[in-house]
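These are the residues of each chain, in order.
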Amino acid sequence: MIRFIEDKDLKKTIARDVLEALTEWFEVEDSREQYIRECVNWPFFAYYDEETAAGFLCLKRTGDETVELAVMGVLKEYHRKGVGRRLFAAAKDYACREGYSFIQVKTVRSGMYEDYDITNEFYRSLGFKELEVLETYWDEANPCQIYVMGLKTAVNTIATRHSYRGKFKDEPVPVEDLKIIASAGIDAPSGCNKQTTDIVIVNDTDVLSKIKAVLDPPVAQTAPAMIVVLTRRINAYRDRCFAIQDYSAAIENMLLAIVELGYQSCWYEGHITDEDRICDKIAQILNVPEEYDVVCILPVGKAVDDFHAPSKKPFAERVKFNSWS
Ligand SMILES: Cc1cc2nc3c(=O)[nH]c(=O)nc-3n(C[C@H](O)[C@H](O)[C@H](O)COP(=O)(O)O)c2cc1C
């Protein structure tokens, strides 16, 4: 569970406990102490496993619209469990709510130190992009080039989302991440707030196999999880039904959340709703009540293959200012 910590002493204790346990990562005691001193004034997020603070992340304001991911640490036994990503998701959510449009992180250019290569890969998986070198420091004792990676908030995620139809890694998606994705879906706007979209998260291997078996042509066969989108076609007011708009907004929100968490997906609606009505077979497998229709599946998983961005018409062809001509 992520907690936003305000108590300065508690911030110090958590930062010290975690950073001291990461000695081989944090060999320079002076800079560790400096972080511990400074972080009491920064927005501070801690990951708790029951009563243990297993990791933390601090943001530092560096401009009217910019925050920096200043320091982050996760106890070794919690590595590779999605703790860093969850901390970052909370921090990013905070940055968006506070009106920051840009998050940066200073790191060392890939290829100089192996540890930083791993860290940079992690940043990239969060959506950070390598920017031009904005600052270069040459520390005489330990020469390195400090490199700035940046991440624009929602707008950047929108630009980097593409449909992914390749193979997925054989790695389960943590339930916490699936919940974040589904929450993004149900947070979407809906006509007259009728909330006509519901979701079934599928991460059980038997249920997944049953769904995969009815997908023809066989798409998403290696997906470790799926989001199944359901709609209730009820009128929002008078004879106006906004169910399609509602579920479309929910699906796009979920696609963006999926990409932001480092996974890939594709909006499979055409495949399952044409005349062979695969959607009805999926509804039967999932015991979906009669008043709901299954309209879409979104596989969720880490990509194995590269994907190419489809070409889109140029901006000027589709967007006009003030008048069509
Ligand atoms: C309503 C809708 C239905 C879709 N159904 C399918 C589908 O059944 N199979 C598929 O491979 N892609 C499907 N897609 C994905 C589109 O093909 C894809 O969004 C489009 O080619 C643009 O590519 P992009 O998502 O990478 O921008 C669907 C997208 C939408 C919005």
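Report follows, based on the coordinates. (Residues numbered from 1 in each chain as written. Predicted model: local features only at pLDDT ≥ 70, side-chain atom pairs only at ≥ 80, totals over all residues.)

**What about the overall build of the chain?**
A count of helices and strands for the chain gives eleven helices and ten strands. Classification of the 325 residues of the chain by burial places 30% in the buried group. The long-range fraction of contacts in the chain, counting pairs at least 24 apart against all pairs at least 6 apart in sequence, stands at 70%. (Helix = DSSP H or I, 4+ residues; strand = E, 2+ residues; numbered from the N terminus. Buried ≥ 20, exposed ≤ 12 C-beta atoms within 10 Å, placed from the backbone. Contact = placed C-beta atoms within 7 Å.)

**Topic: the packing of helix H7 (residues 205-214) against helix H10 (residues 278-285)**
Packing of H7 against H10 brings their axes to within 9 Å, and their N-to-C directions diverge by 160 degrees. Looking at the two axes, H7 sits roughly antiparallel to H10. Relative to H10, H7 is oriented so that their crossing is right-handed. Of the residues in H10, those touching H7 at Val207, Lys210, Ile211 and Val214 are Ile278, Lys281, Ile282 and Ile285. Here the contact of H7 with H10 is composed, by residue class, of six nonpolar, no polar and two charged. (Axes fitted to C-alpha atoms, helices over the stretch in contact; angles between N-to-C directions. Parallel < 35°, antiparallel > 145°, perpendicular 65-115°, else oblique. Left-handed = near helix turned anticlockwise from the far one by under 90°. Nonpolar A, V, L, I, M, F, W, Y, C, P; charged D, E, K, R; others polar.)

**Here we look at the site of the ligand**
Taken together, His162, Ser163, Arg165, Cys266, Trp267, Tyr268, Glu269, Gly270, His271 and Pro310 form the complete shell of residues around the ligand. Taken together, the residues that form the shell around the ligand break down as four nonpolar, four polar and two charged. (Near = placed C-beta within 6 Å.)

**Description of helix H6 (residues 175-186)**
An ideal rise of 1.5 Å per residue puts 16 Å on twelve residues; H6 measures up with 16 Å between its terminal C-alpha atoms. For H6, the complete set of buried residues consists of Asp177, Leu178, Ile180, Ile181, Ala182 and Gly185. Looking at the buried residues of H6, the elements they touch are helix H3 (83-97), strand E8 (197-202), strand E9 (225-231), helix H8 (243-260) and strand E10 (293-300). (Expected span 1.5 Å × (residues − 1).)

**Quick notes on the sheet that holds E10**
Read from one edge of the open sheet, three strands run E8-E9-E10, paired in antiparallel fashion. The open sheet has two edge strands, E8 and E10, and neither has a second partner. Each neighbouring strand pair of the sheet contributes to a mean axis angle of 20 degrees, computed without reference to strand direction. Strands in contact with H8 are E8, E9 and E10; relative to E10, the strand with the most contacts, it is inclined by about 10 degrees. (Pairing = 2+ DSSP bridges.)

**Some details on the environment of Ile186**
By secondary structure assignment, the location of Ile186 is in helix H6. As for Ile186 and Asn253, which are separated by 67 residues in sequence, their C-alpha atoms are 8.7 Å apart. Not counting the four nearest positions on each side in its chain, Ile186 is found in contact with Ile199 and Ala250.

**Here's the deal with the nonpolar core**
Of all hydrophobic cores here, the largest spans 72 residues; its most connected members are Ile181, Met226, Val228, Leu298 and Val300. Looking at this core, the element that brings in the most residues is H8, giving eight residues. Two domains each put at least three residues into this core: domain 1 (2-160) and domain 2 (175-300). Ignoring sequence-local partners within four residues, the contact set of Leu298 consists of Met226, Ile227, Ile251, Met254, Leu255, Ile258, Ser265 and Trp267. (Core = buried A, V, L, I, M, F, W, Y, C linked by C-beta atoms within 7 Å. Domains from an automatic or database assignment.)

**Concerning the pairing of E10**
Taken across its eight residues, E10 has seven buried, putting it largely inside the fold. Bridging between E9 and E10 involves seven bridges; their strand directions are antiparallel. By the bridge assignment, Val228 is partnered in E10 with Ile297.

**Side note on the environment of Lys212**
In this structure, Lys212 sits in helix H7. Considered as a pair, Lys212 and Ile282 are 70 residues apart in the sequence and their alpha carbons are 9.3 Å apart. Beyond its immediate sequence surroundings of up to four residues, Lys212 is in contact with Ala220 and Gln221.

**What about unusual backbone geometry?**
Going from Asp216 to Pro217, the amide bond is cis rather than trans, its omega being 0 degrees. You will see that Ala220, though not glycine, has its phi angle at about 55 degrees, which is positive. For Ala220, the location among the structural elements is in the loop between H7 and E9. Non-glycine residue Arg238 carries a positive phi angle of around 40 degrees. Take Arg238: there are 6 C-beta atoms within 10 Å of it, and that puts it in the exposed class.

**A closer look at the packing of H6 against H8**
Packing of H6 against H8 leaves a shortest axis separation of 7 Å and a crossing angle of 150 degrees. Compared by their axis directions, H6 and H8 come out roughly antiparallel. Like other packed secondary-structure pairs, H6 and H8 cross with a definite hand, here right-handed. Between H6 and H8, the contacting residues are Ile180, Ile181, Ala184, Gly185 and Ile186 on the first element and Ala250, Asn253, Met254, Leu256, Ala257 and Ile258 on the second. Class assignment for the residues of the contact of H6 with H8 results in nine nonpolar, two polar and no charged.

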